[in-house]
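Understanding the architecture of this molecule
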Amino acid sequence: MDFLTIFAIYVAVVLTCMFLVCKYSGQPQSPFNTLLNYVSKMVARLTPQWLQKLSHWTLHRLFHQRNNLFIYVHILLEGAVYAEFTFEVFGFCRELDTSLTSLSVPYVLLVIKTFIFYLCIRTDPGTVTKKRVPSQLHIYPYDRRLFHPGVLCPTCQLVKPARSKHCRVCNRCVQRFDHHCIWVNNCIGAQNTRYFLLYLFSLCAMAGDIALLTGDMLLHAVLRSGLLRASYIDEYGQQQAAGPLFVVQHLFLTFPRIVFMLGFLIFLFFLLAGYALFHAYLALVNQTSNEWYKSRGYVCQHCHPTAAADPPVPDHSKRNYYSRGPLRNLREIFFPLKCVQKKGN
Ligand SMILES: *[C@@H]1O[C@H](CO)[C@@H](O)[C@H](O)[C@H]1NC(C)=O
Ligand SMILES: [Zn+2]
Ligand SMILES: [Zn+2]
């Protein structure tokens with residue numbers, strides 16, 4: 001196979017993966033999971049018992065127990081990208097007269113992002129504890145739809161406040177539970193949704209900025225080399241103009257690591273941007289991912305009055321019926337509601 005075929009396959013695979021991830025993420029009945037189930041059944045039949053136990057144990061340790069592995073992976077990837085940027089791209093950009101100011105932006109973003117990342121990891125997301133639960137119960141009213149009053153968490157033995165959920169990884173109930181994020185090894189809840197949002201956007205900005213600088217550098221390298229006007233003699237002795245594919249091939253061969261990094265960053269940028277926008281949307285309509293997933297399969301009793309609903313139920317036909325306007329919703333994310341217990345109670 002020649003280079004261009006491999007390159008086309010590479011692009012097709014990346015695009016297909018992106019499409020599938022975007023289309024099916026979070027749907028239990030997706031073809032993804034069907035395929036995964038099928039593959040795991042096939043693999044299970046072919047592997048010995050002890051290996052199955054070992055892999056089961058490993059997966060359990062990795063995804064169902066708290067561990068810092070993904071934080072290390074995150075730091076490692078970041079280190080690799082920044083090393084590549086500092087030791088290869090930076091020098092080229094200086095030669096091309098890119099200003100120091102714009103070259104320092106990625107480092108500033110790195111500092112900001114690391115700080116937010118730290119806050120996101122270290123902040124208590126809003127653990128429901130015996131001491132705090134009396135006041136936590138008053139923060140949100142029960143909607144009698146997804147959250148019903150008086151439900152006990154079987155593990156924590158505490159009454160669940162509205163919008164809370166038990167995190168199986170951390171083994172605790174968390175107020176305004178969004179999801180458990182393995183990349184920060186923490187739940188995302190009432191107190192750190194704001195850091196999580198900022199973290200996503202700063203990561204996006206980082207990936208986008210480095211990708212732009214790198215892309216700009218490669219563009220200049222191509223323009224300088226005069227490749228666009230170049231031509232070559234093909235196998236029949238004819239003179240051919242070097243097309244864009246020729247340029248791509250040239251770049252791949254001249255700067256393999258840089259081009260690989262650029263591909264990774266562009267992929268990451270679109271993935272993160274989609275995810276960040278989804279979370280921004282949720283924040284703007286006053287929903288958590290947990291509620292969003294739950295309300296997808298929800299059959300509203302108000303709209304299907306077969307089962308009599310005695311308390312007055314708000315109109316559920318709209319997905320975002322909680323929303324009190326984007327600004328107030330955002331304020332609640334950045335200044336989470338706290339119910340201060342009156343002294344002497
Ligand atoms: C967000 O929704 C909850 C109900 O789940 C509600 O109690 C709260 O007042 C809403 N906040 C805003 C700012 O609309
Ligand atoms: Zn619990
Ligand atoms: Zn958790």
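- The name given to the chain in an unreviewed UniProt entry is Palmitoyltransferase, with Austrofundulus limnaeus as the source organism.
- Check the Catalytic activity (unreviewed entry) section of the UniProt entry for the chain; it says "L-cysteinyl-[protein] + hexadecanoyl-CoA = S-hexadecanoyl-L-cysteinyl-[protein] + CoA".
- Turning to the chain, the UniProt record has this under Sequence similarities (unreviewed entry): "Belongs to the DHHC palmitoyltransferase family."

1. Side note on the coordination of the zinc ion (ligand 3)
- Taken together, the protein donors to the zinc ion (ligand 3) comprise C167 (SG), C170 (SG), H180 (ND1) and C187 (SG), at separations of 2.0 to 2.2 Å.
- Each of the four donor atoms around the zinc ion (ligand 3) contributes to a set of angles spanning 101 to 127°, which defines the coordination as tetrahedral.
- Sequence spacing of the donor residues for the zinc ion (ligand 3), all on one chain, is C-x2-C-x9-H-x6-C. Note that C167 is positioned in strand 1 (residues 165-167) and H180 in strand 3 (residues 179-181), a separation of 13 residues in sequence. The same class applies to C167 and to H180, which are both buried.

2. Overview of the environment of P149
- By the secondary structure assignment, P149 is in the loop between helix 6 (133-136) and strand 1.
- In this structure the C-alpha to C-alpha distance between P149 and V159, which are 10 residues apart in sequence, comes to 8.2 Å.
- Contact partners of P149, with chain neighbours within four places excluded, come to Y142 and R144.

3. So, the pattern of salt bridges
- With the rule as written, the count across this model stands at five salt bridges.
- Through salt bridges with shared partners, a single network forms among E84, E88 and R257.

4. Structural notes on the coordination of the zinc ion (ligand 2)
- Every protein donor of the zinc ion (ligand 2) is listed here as C153 (SG), C156 (SG), H166 (ND1) and C173 (SG), and their distances to the metal cover 2.0 to 2.3 Å.
- One chain supplies every donor for the zinc ion (ligand 2), spaced along it as C-x2-C-x9-H-x6-C. Taken together, the positions of C153 in the loop between helix 6 and strand 1 and C173 in strand 2 (residues 172-174) put the pair 20 residues apart, joining distant regions of the chain. Across the pair, C173 and C153 agree in class, each one buried.

5. Describing the site of ligand 1
- Ligand 1 sits among nine residues. The nearest are P141, N286, R324, N329 and E332.
- In the environment of ligand 1, an oxygen atom lies 3.4 Å from a nitrogen or oxygen atom belonging to the side chain of R163.
- When ligand 1 is considered free in solution it has 360 Å² of accessible area, and contact with the protein chains removes 89% of it.
- Tallied by class, residues from the shell around ligand 1 come to three nonpolar, two polar and four charged.

What counts, and at which threshold
Per-chain numbering applies: the sequence of each chain, read as written, is numbered from 1 onward. Naming scheme: in the order in which they are written, chains are lettered from A and ligands are numbered from 1. Given that this is a predicted model, residues contribute local features only at a pLDDT of at least 70 and side-chain atom pairs are listed and counted only at 80 or more, while totals for whole chains, interfaces and linings are drawn from all residues. For the side-chain quantities, the full set of heavy atoms in the structure was used; hydrogens and water were omitted. UniProt positions are given in the numbering used here, feature names are shortened, and annotations may be inferred rather than shown by experiment. Each metal's donors are the N, O and S atoms within 2.8 Å of it, or within 3.2 Å when it is Na, K or Ca, and because water is not part of the set, sites may look incomplete. Geometry is assigned from donor-metal-donor angles: four donors are tetrahedral when every angle falls between 85 and 135 degrees, four are square planar and six octahedral when opposite donors sit over 155 degrees apart with all other angles between 65 and 115, and any other arrangement is irregular. Only DSSP runs of H or I with at least four residues qualify as helices, and only runs of E with at least two residues qualify as strands; both kinds are numbered from the N terminus onward. Three exposure classes are used, based on accessible area relative to the maximum for each residue type with a 1.4 Å probe and protein chains only: buried under 20%, partly exposed in between, and exposed over 50%. Contact between two residues is taken to exist if any of their heavy atoms lie within 4.5 Å; hydrogens are not considered. For this analysis, a salt bridge means a side-chain nitrogen from Lys or Arg found within 4 Å of a carboxyl oxygen belonging to Asp or Glu. In these notes, residues near a molecule or strand are those with any non-hydrogen atom within 4 Å of it. By the criterion applied in these results, polar contacts are pairs of N or O atoms within 3.5 Å in which, for protein atoms, one can donate a hydrogen and the other can accept it, and in which residues neighboring in sequence qualify only through two side-chain atoms. Where accessible areas are quoted, they stem from the Shrake-Rupley method and a 1.4 Å probe; at the residue level, only the protein chains shown are allowed to cover. Each residue is assigned to one class: nonpolar for Ala, Val, Leu, Ile, Met, Phe, Trp, Tyr, Cys and Pro, charged for Asp, Glu, Lys and Arg, and polar for all the others, Gly among them.

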